Amino acid sequence: MTNPTKPLVVFQNCILRPQHFAKEIFPNPTTLTILPTQQWAITGTHKTRFLAALAGRYTAIPAESRSYPFLEKSVWPASVTSLVTFATDIKPAYLSARYESYREPEDVDLATFLKKPLSSATDGKSPEEQMQVYERVVKRLGLEPLLSQWIVTLSNGQMRRARIARGLLSSPKILLADEPFLGLDPVSTSTLSQLLGELAPAPQVILGLRAHEPIPDWVSHVAVIDESGLIRGGTRDEVGEKLRELRDRRTNIFIDRSYNFKAAQLLPPIRPGIDSIIDIDYITIAYKGNVVLKNLKWTVRRGERWHLRGNNGTGKSTLLSMITADHPQSWNSKIRLFNEPRKVGRQNYFSINKVIGHASPEIHAIFPSTLTAFQAVSTGFTVGSFLPPSSVSHVAGILTKEEQTKRIHGLLEYFNVNPETLFSDLTLNDQKLVLFMRAIVKNPEILILDEAFSGMNDESIFRCKQFVNDWGGTVIAIGHVEDEIPRCSKYIRLHGGENLAEQGEVE
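(A) Region of the structure containing the packing of helix α13 (residues 428–440) against helix α14 (residues 458–470). Between α13 and α14, the least distance of the axes is 11 Å, while the angle of their chain directions is 10°. Accordingly, the angle class assigned to the pair α13 and α14 is roughly parallel. Residues N429, L433, F436 and I440 of α13 lie in contact with α14, whose contacting residues are S460, C464, F467 and V468. When the residues that make up the contact of α13 with α14 are grouped by side-chain class, the tally is six nonpolar, two polar and no charged.

(B) Looking closely at the nonpolar core. Ranked by internal contacts, the top residues of the largest apolar core, which has 41 residues, are L110, L114, L143, L196 and L207. Taken together, the elements giving at least two residues each to this core come down to α2 (110–115), α3 (127–140), α4 (156–169), β7 (174–178), α5 (186–199), β8 (204–208), β9 (221–226) and α6 (236–251). With six residues, the top contributor of residues to this core is α4. Dropping the residues within four chain positions of it, L207 is found in contact with W40, A41, I42, L51, A177, P180, F181, L196, P216, W218 and V219. Ranked by size, the runner-up nonpolar core spans 39 residues in total, among them L426, L433, L435 and W471.

(C) Structural context of the sheet that holds strand β13 (residues 305–309). In spatial order, the strands read β16-β17-β18-β13-β19-β20; together these six strands make up an open sheet with mixed pairing. Both edges of this open sheet fall to β16 (356–359) and β20 (502–505), since each of them pairs with a single strand only. Going from strand to strand, the sheet's axes swing by 15° on average, the running direction of each strand aside. Taken together, the three bridges between β13 and strand β18 (residues 474–478) define a ladder with parallel strand orientation. By the bridge assignment for β18, R305 is matched with V475. Contacting β13, β16, β17 (446–450) and β18, helix α8 (residues 316–324) crosses the sheet at an angle of about 155° to β17.

(D) Summary view of α8. Most of α8 is tucked away: nine of the nine residues are buried. Listed in full, the buried residues belonging to α8 are K316, S317, T318, L319, L320, S321, M322, I323 and T324. Count one or two residues on from α8 and you reach A325, which has phi positive near 65°.

What counts and how
Residues numbered from 1 in each chain as written. Predicted model: local features only at pLDDT ≥ 70, side-chain atom pairs only at ≥ 80, totals over all residues. Heavy atoms only, no water. Axes fitted to C-alpha atoms, helices over the stretch in contact; angles between N-to-C directions. Helix = DSSP H or I, 4+ residues; strand = E, 2+ residues; numbered from the N terminus. Parallel < 35°, antiparallel > 145°, perpendicular 65-115°, else oblique. Contact = heavy atoms within 4.5 Å. Nonpolar A, V, L, I, M, F, W, Y, C, P; charged D, E, K, R; others polar. Core = buried A, V, L, I, M, F, W, Y, C linked by side-chain atoms within 4.5 Å. Buried < 20%, exposed > 50% of the residue type's maximum accessible area, 1.4 Å probe, protein only. Pairing = 2+ DSSP bridges.

Take a look at the structure:
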């Protein structure tokens, strides 16, 4: 039972700690009241920690300094809050499994994945009522055509919508969604925002948004969180000045260009050679009769910067997998790298990826957490493995182990990441930085950046973009947020299905 007339959450001079005697999450005590008639968004550099506190995590000191009056002590708060952070809870398969016709025992289809929370729901709904909710959520999020697909085959944007749907189907009283629009195209963003705005009061929805993200019109109140804790909270008008300050700070980030130029020299000049890097000659890709790419012709020349565009599910990941040879249909003579038709026996996965650097959400999902930052970056010198190299790698000629070590330390120093910190202990921002460094460390001929800067803070995005802009290689970038991709001069937009791709110059 809940009481809709009482506040949802109340913090009153609350100190938050991971455990009772540990260091405080925020040095300043938190005081904030969230009412059921208000719809909140949390923003700022430490919003994710505050969302976890709202979800009942961390220890509140004193215990009564954090309360959920609307629950009237009828249930434990953590059991009726759903914090969706998009950290995958599915064991990821090898990347090419997304495109093949086998499955591992733990793989499930989307329908099974979504229905799992229904068995543990505590809202008292009958099975028939639960299925009605299930069908409504699936329809509103546009997941109906995907229900029979295996989880491992979903694109990044599709999986994000699926996880939000699953969070809703656990029937929480409060749904906390951290960066729900990250990785979604504008159409999906608008659809999801409208759905989230219409959910209250069953459940109440609290968003976590990056400082530069537009705040949906239905949000009435905003809290700004930094390393010290809550620095401002109130109506949009009351917090408007602080939000403008955060956005202006983002716009005015300045990094000394001479230092940035020095960083770019961490990599030697791009190797001269053949002008045509990638040629795809009227190729069509289909799964079980469903066309994903149709009659695609695309040429990428040395040093070009391409923005690969398209809504979620239009084939962007498929196209990249054709280049990296992760797709079983990529062994096709209509695909040429450096003017050499791709054929089994003449090339292999390792020779192809020796000249490709790649950062993507899929790599992030399966990357081993037990490596140090130094070891993680060093795996960029290997192909087809996340093991640090044990001997001299032949990259850009011959690099000695000492030269590799010097290059890795130079990148880690420039991006201000401690080389000894375990990957699992790094912040999301630093994990993304490490994976970017891993992609660039061998000075690849082709650099693929698939949502590589999403989740980084503003300064890190700026540094990465400047680094790539000063670097001389060929780039293919995916990103729905213009500020999170490096400077590109050309674009190719995929429309999916029977629709042909369009290409042009970036204005």
